[in-house]
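Fold and geometry: a report
Each chain, letter by letter, is given below.
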Amino acid sequence: MKNVVVLGCTGSIGARTIKVAGDLPNEIRLAGLGAGNNVELLLQQAQQHLPEVISVSDPSKAKALAESLRGKVRVVSGPQGLIELATLPSADIVLIAIVGTAGLQPALAAIRAGKDIAVASKEILVMAGETVMAEAKGHGVRVLAVDSEHSAIFQCLDGKPADSLRRLWLTASGGPFRATAKEEFRNITVERALKHPSWVMGRKITIDSATLFNKGLEMIEARWLFDMPMSKVSVVVHPQSVIHSMVEFVDGSIIAQLSTPDMCLPIQYALTYPKRVASGRVETNFAKIGTLTFEEPDRDRFPALDMAREAGDVGGTMPAVLNAANEVAVEAFCNRKIGFLQISEMVRRTMTRHQVVKHPKLEEIFAADAWARTEALRA
C-alpha cells in the first residue's frame, strides 16, 4: 500500500490520479489532496477518499470546507498548506500536478522530507532540473515521471547503463496543425488550437501541444530525468500516439513502450512502481490501429523545438526564461491579445534579451522567471 499525496488534484492529471486510486484501493491510499480553487470537486474527492489532510489555495474557503467535512479531514490553505501536504509524515510519494511554477517549492520540500516525487508538472524540471535532481540524489529519493513520454523512456531503460544509450526518442502527435500550411497559422483561433487530436488535457498544455512547446519542454525534462545531454534527446512525430517514446541503444537496437493513449497508465506506473498492477483501463488492439507512421518535425513551422534545444544546451537560467515567456505568451493568446504565430516570437525575443546565470541558486531561478514574465509583455 502506497500513501500518496496529490498536489493539483482537481486538474486533468489530478482527476485521473483520483480515478487510478479508486481502481486500486488495495494498492493506493490517498493521504493528502491539494487543489487550487475548485472547492466543489475537492470536497467531493475528500468525502469519497477521506484523506488525512486537504489544502485549498484561498484561505477564506478553508473554513467552509472544514465545516462541510465535519472534522473528518484536516483542512489547510495557501502556499504553506502545499508545503504541509508535501511533507506529510505518512506520505510515501507526492504526485505534483500543479500547472506552472507553484509546484517547485513543494517538490523540493517533499524531497528534503525524504519523499519520492512523481512529476507531472513540466516546469519543475525545466526551471530547476539541476537543483531538483541534485537534491533527490542527496536525499536518496526517486523522481518518477508521469508524462507518458518520460514514463515510456523510464520503462524502456529499466536500469540499463548510461554507456549503452545512443539516443532518447520522444514521440509527438504533431498537434492539431501538423498538416497545416504556415501561411494559415496567422488565422489559427484559440478554439482550433484547443482541439487536440489524441489527448484531453488542460488549456495550457493543449496550446503547448499545438505549438510543440510541450515537446520542447519535455526535451529539457528528459535531459535532467535521465542525465542525458540535449544532443542525445530527439523528437519524432508519430500521429497515432501509440508509441509513447523510445530508447535507441549503441548497438542500433530500439526499445519502445506502446499502448492506446490513456494517461491513467503512466500515472498508475509511477504510483505503484516498481510493481506492475493489473488494470482493465487500458487495452490496445493493434489490428484496429492498423498503421503506425512517423515524420520529421517541421522546425520552420514549429520553432519551439529549436528554442528548447538551445535553452537546454545553454542551461543555467535560460530554461526558466523559456518556460516563463511561453506561459505569458500562451495566456496572451488565450485572451486573444496576440496571434498564434506571436507565441514563439514572444519567447524568442525574451530569450535573446536574457543574461544567463550559470548553475543558479533557487532565488536566481525565481528572479529569472519573474524577469521573463515582465520582459515577455514588452516583447
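Since the model is a prediction, treat every value here as computed from it, not as a measurement.

With respect to the pattern of salt bridges
Scanning the model with the defined rule gives 23 salt bridges in all. Among the salt bridges present, the one from R301 reaches D298, with a minimum N-O distance of 3.0 Å. Salt bridges sharing partners connect three or more residues here, namely K122, D147, E149, K215 and E218.

What about the sheet that holds strand β10 (residues 243-249)?
Strand order across the open sheet formed by four strands is β9-β8-β10-β11, with mixed pairing between neighbours. One side of each edge strand has no neighbouring strand; the edge strands of this open sheet are β9 (233-237) and β11 (254-258). For this sheet, the mean angle separating the axes of adjacent strands, direction not counted, is 20°. Across five bridges, β10 lies against β11 in antiparallel orientation. Residue E248 lies in a different strand from β11, and its bridge partner there is I254. Of the strands in this sheet, β8 (165-172), β10 and β11 are in contact with helix α7 (residues 148-157), which crosses β10 at around 40°.

Topic: the sheet that holds strand β2 (residues 28-35)
As summarised here, the arrangement of the seven strands in space is β4-β3-β2-β1-β5-β6-β7, forming an open sheet in which the pairing is parallel. Two strands lie at the open edges of the sheet, namely β4 (74-77) and β7 (143-145), each paired on one side alone. Geometrically, the sheet is characterised by an average inter-axis angle of 25° between neighbouring strands, direction not taken into account. Where strand β3 (residues 53-56) meets β4, four bridges bridge the pair, whose relative direction is parallel. Across the sheet, V56 pairs through a bridge with S77, a residue of β4. The strands touched by helix α3 (residues 62-69) are β3 and β4; relative to β4, the strand with the most contacts, the crossing angle is about 170°. Running at roughly 130° to β4, helix α4 (residues 78-86) makes contact with β1 (2-7), β2, β3, β4 and β5 (93-96) of the sheet.

Remarks on the nonpolar core
Core analysis: the biggest nonpolar cluster contains 87 residues, and L7, I117, V132, L322 and F340 have the highest contact counts within it. A total of 12 residues in this core trace back to one element, the largest contributor, which is helix α14 (residues 318-334). Ignoring any residue separated from it by four or fewer positions in sequence, one finds V132 in contact with L104, L108, I111, I117, I124, L125 and V143.

Some words on the environment of S68
Summarising the element assignment, S68 is placed in helix α3. Residues S68 and L377 lie 309 residues apart in sequence; the distance between their C-alpha atoms is 42 Å. Contacts of S68, omitting those with residues within four sequence positions, involve L43 and Q47.

Considerations on the side chain of H150
Among the secondary structure elements, H150 is positioned in helix α7. The class of H150 is buried, set by a relative accessible area of 0%. A polar contact of 2.9 Å, which involves the side chain of H150, links it to the backbone oxygen of E218. Here the side chain of H150 touches A222 through a polar contact of 3.5 Å, landing on its backbone nitrogen. Setting aside anything within four residues of it in sequence, one finds H150 in contact with A145, L170, E218, E221, A222, L225 and F226.

Some words on the packing of helix α9 (residues 203-211) against helix α10 (residues 213-225)
Between α9 and α10, the least distance of the axes is 5 Å, while the angle of their chain directions is 95°. It follows that α9 is roughly perpendicular to α10 by the angle criterion. Listed contacts from α10 to D208, S209 and T211 of α9 are F213, N214 and L217. Along the lines of polarity and charge, the residues of the contact of α9 with α10 split into two nonpolar, three polar and one charged.

What to know about the packing of aromatic side chains
Counted under the stated rule, the structure contains eight aromatic pairs. Both rings, one in F177 and one in F340, keep their centres 5.3 Å apart while their planes meet at 75°; by these two values the pair is edge-to-face. Linking F177 in the loop between β8 and α8 (190-193) with F340 in the loop between α14 and α15 (341-352), this pair joins segments that are 163 residues apart in sequence. When the ring of Y269 is compared with that of Y273, the centres are 5.7 Å apart and the planes differ by 65°; the resulting orientation is edge-to-face. With relative accessibility at 11%, the residue Y269 sits in the buried group. Among the aromatic residues, ring-to-ring pairing joins F177, F185, F302, F333 and F340 into one connected group. Over the face of the ring belonging to W169 we find R167, whose NZ or CZ atom lies 6.0 Å from the ring centre. Above the ring of W224, the side-chain terminus of R223 is found at 3.8 Å from the ring centroid.

Side note on the environment of D369
Mapped onto the elements of the fold, D369 is located in helix α16 (residues 362-378). Separated by 27 residues in sequence, D369 and Q342 have C-alpha atoms that sit 20 Å apart. Each residue touching D369, except ones within four places of it in the same chain, is listed here: T101, M127, A320 and A324.

Rules of the game
- Residues numbered from 1 in each chain as written.
- Predicted model: local features only at pLDDT ≥ 70, side-chain atom pairs only at ≥ 80, totals over all residues.
- Heavy atoms only, no water.
- Salt bridge = Lys/Arg side-chain N within 4 Å of Asp/Glu carboxyl O.
- Pairing = 2+ DSSP bridges.
- Helix = DSSP H or I, 4+ residues; strand = E, 2+ residues; numbered from the N terminus.
- Axes fitted to C-alpha atoms, helices over the stretch in contact; angles between N-to-C directions.
- Contact = heavy atoms within 4.5 Å.
- Core = buried A, V, L, I, M, F, W, Y, C linked by side-chain atoms within 4.5 Å.
- Buried < 20%, exposed > 50% of the residue type's maximum accessible area, 1.4 Å probe, protein only.
- Polar contact = N/O pair within 3.5 Å; in protein donor to acceptor, adjacent residues only side chain to side chain.
- Parallel < 35°, antiparallel > 145°, perpendicular 65-115°, else oblique.
- Nonpolar A, V, L, I, M, F, W, Y, C, P; charged D, E, K, R; others polar.
- Phe/Tyr/Trp six-rings, centres within 6.5 Å; stacked < 30°, edge-to-face > 60°.
- Lys NZ or Arg CZ within 6 Å of the ring centre and 35° of its normal.

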